[in-house]
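# Geometric and topological summary
Here is what each chain is made of, one letter per residue.
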There are 2 protein chains.
Amino acid sequence: MSQQVPALPDLPEATVARLPEYLRALHHLAESGNDTVSSEALAAAAGVNSAKLRKDLSHLGSYGTRGVGYDVALLIDQIEYVLGLTHRRAVALVGVGNLGHALAGYAGFGSRGFRIAALFDADPGRVGEHINGLVVRHIDELPEIAEAESIAIGVIATPATAAQSVADRLVAAGVTSILNFAPCVLSVPDGVDVRKVDLAIELQILSFHEHRKASLIALPAAGGLTALPGGLAATGTEEAVGS
Amino acid sequence: MSQQVPALPDLPEATVARLPEYLRALHHLAESGNDTVSSEALAAAAGVNSAKLRKDLSHLGSYGTRGVGYDVALLIDQIEYVLGLTHRRAVALVGVGNLGHALAGYAGFGSRGFRIAALFDADPGRVGEHINGLVVRHIDELPEIAEAESIAIGVIATPATAAQSVADRLVAAGVTSILNFAPCVLSVPDGVDVRKVDLAIELQILSFHEHRKASLIALPAAGGLTALPGGLAATGTEEAVGS
DNA sequence: CGCGATTTGTGCACGACTTCACAAGCGCCT
DNA sequence: AGGCGCTTGTGAAGTCGTGCACAAATCGCG
């Protein structure tokens, strides 16, 4: 018939979340001159288990060669295709305060498939400011610019109080994916994806582990000993990069 | 007989990751003058399912009242205790570039249990700079300052090339939790926790969903299309969002 | 040409997390 | 006091993700 390759396999979310990590590791390997890589080596570079990596890659059709490994360049193409990175996606950044300023200047976006196509803010005092070669527009201009630049992804870096309203305006302007840095829950229509990054939450999670570690030390090996699975004590045989 | 408060229950990781979200929602409710809240209402405010919320809270001893709900103030205390937020934790921030600068000025840390106690950079040109009331120190000073300030949490906002070396120095200085913004895998000894935030990865995950949505629209019901490796056909069939 | 070394792809069992559904508990009203 | 409505806490079932272990496939070499 016509096509062999499935258009876009339904990938497990967990796999999707790891593909970018593999991609980064692969680019690194390619720059180091590697043509092929084994699942073991790539897994180590990406900080995961090799079986998991093979299963992840198998979901997207598997282009490895048994006894040899994966072709680095081919795998890069594969993953970039699946992630939709075959062209640069235009991104709108709303909120040019402290964090937004930094995001606007972050080189990592440009080098990994994205182009910040427009900056917006609601504060007239900020409109007109030049950042990294872009001029800050007023948020009222969002609809036209989103249309003109084919923007489908928006980043919210405003205070939490403004975030929902900005999200609504982004959606109205045709944005269907939002990355939210504001510490609040956004409600959006079906079909719009939201991912959230909350810096304080990350620290609070670490704080929990600090607290737990401290309390474990405070309570020596006395009575309880509880349900600590097997001998988590001193397993010298550690090799995987922990995380 | 003796202990009223369970030392520290073993919480599922997924639960730990949601507790900060509940906490934020609770603070919001408290400011709005609510004394009690039902699991349904709190779940909505935190963006989760109410059964999940109840199960999460039940893990930490459950202080709800049937027929009424949860006491907001009590629950805040409970969660803050479990997360180890009963005192402000000192944080060291390494790397005062684009992103580090923004993080140093981010008010959300201060208002949610953390105190940025020191800024470090390796670039002598940056040492001495004042940011938000703090002076940037050279990274060589890390050991003494970490000791003096009892710093157990470190944030890495350096380029990827420097991140592993910074992590090693943080660990050597007694840091046991690291929040890593550099796009690379860190390897650390057992007992040290690492969390990673990669801004480009978040966008790439959104990009995948964009790609999938676009391909679903492009393919009404038909089978596959899409050329793969050899061609990487520059599919001009991408969205046109504004329609 | 066949053999052994190597590495992928995957069936399967296990564990973690989610969701449903409901009994048990609590306060309020009569 | 007793019943009723509301809400929590949780058993149980279902879903998802992980990791092991091994057969299948490929390459290099004698």
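For the structure itself, consult the block above.
So, here is what we can say about the structure in this document. Everything numeric here is computed off the predicted structure, so don't read it as measured data.

Once that is clear, we can look at the protein's contact with DNA strand C. Near DNA strand C lie 26 residues; those nearest to it are S39, R54 and Y70 of chain A together with R18 and R66 of chain B. Note that a base oxygen of DNA strand C is positioned 3.0 Å from one of the side-chain N or O atoms of K55 of chain B. Those elements that provide at least two residues to the surface near DNA strand C are α3 (50-59), β2 (64-65) and β3 (69-71) of chain A together with α1 (13-31) and α3 (50-59) of chain B. Residues that form the surface near DNA strand C fall into these classes: six nonpolar, 11 polar and nine charged.

Around DNA strand D sit 25 residues in total, of which R18 and K55 of chain A together with S39, R54 and Y70 of chain B are the nearest. For DNA strand D, the fraction of atoms within 4 Å of the protein that belong to sugar or phosphate moieties is 66%. The contact in question runs from a sugar or linking oxygen of DNA strand D to an N or O atom on the backbone of G67 of chain B, over 3.0 Å. The separation between a phosphate oxygen of DNA strand D and a polar side-chain atom of Y70 of chain B is 2.5 Å. Put simply, the parts of the chain that give the surface near DNA strand D at least two residues each are α1 (13-31) and α3 of chain A together with α3, β2 (64-65) and β3 (69-71) of chain B. For the surface near DNA strand D, the residue count by class is six nonpolar, 10 polar and nine charged.

This part covers the relation of the copies chain A and chain B. Expressed as a screw operation, the relation of chain A to chain B combines 0.0 Å of axial shift with a rotation of 180 degrees, fitting to an RMSD of 0.1 Å. Expressed as a symmetry operation, the mapping of one chain copy onto the other fits a two-fold axis. Considering only C-alpha atoms, the part of chain A nearest the rotation axis is A102 of chain A, at 3.0 Å. The fraction of interface residues of chain A whose copies in chain B are also interface residues reaches 84%, indicating that both copies meet through the same surface.

Each value, and the rule that gives it
Residues numbered from 1 in each chain as written. Chains lettered and ligands numbered in written order. Predicted model: local features only at pLDDT ≥ 70, side-chain atom pairs only at ≥ 80, totals over all residues. Heavy atoms only, no water. Near = heavy atom within 4 Å. Polar contact = N/O pair within 3.5 Å; in protein donor to acceptor, adjacent residues only side chain to side chain. Helix = DSSP H or I, 4+ residues; strand = E, 2+ residues; numbered from the N terminus. Nonpolar A, V, L, I, M, F, W, Y, C, P; charged D, E, K, R; others polar. Least-squares fit on C-alpha atoms with pLDDT ≥ 70 in both. Contact = heavy atoms within 4.5 Å.

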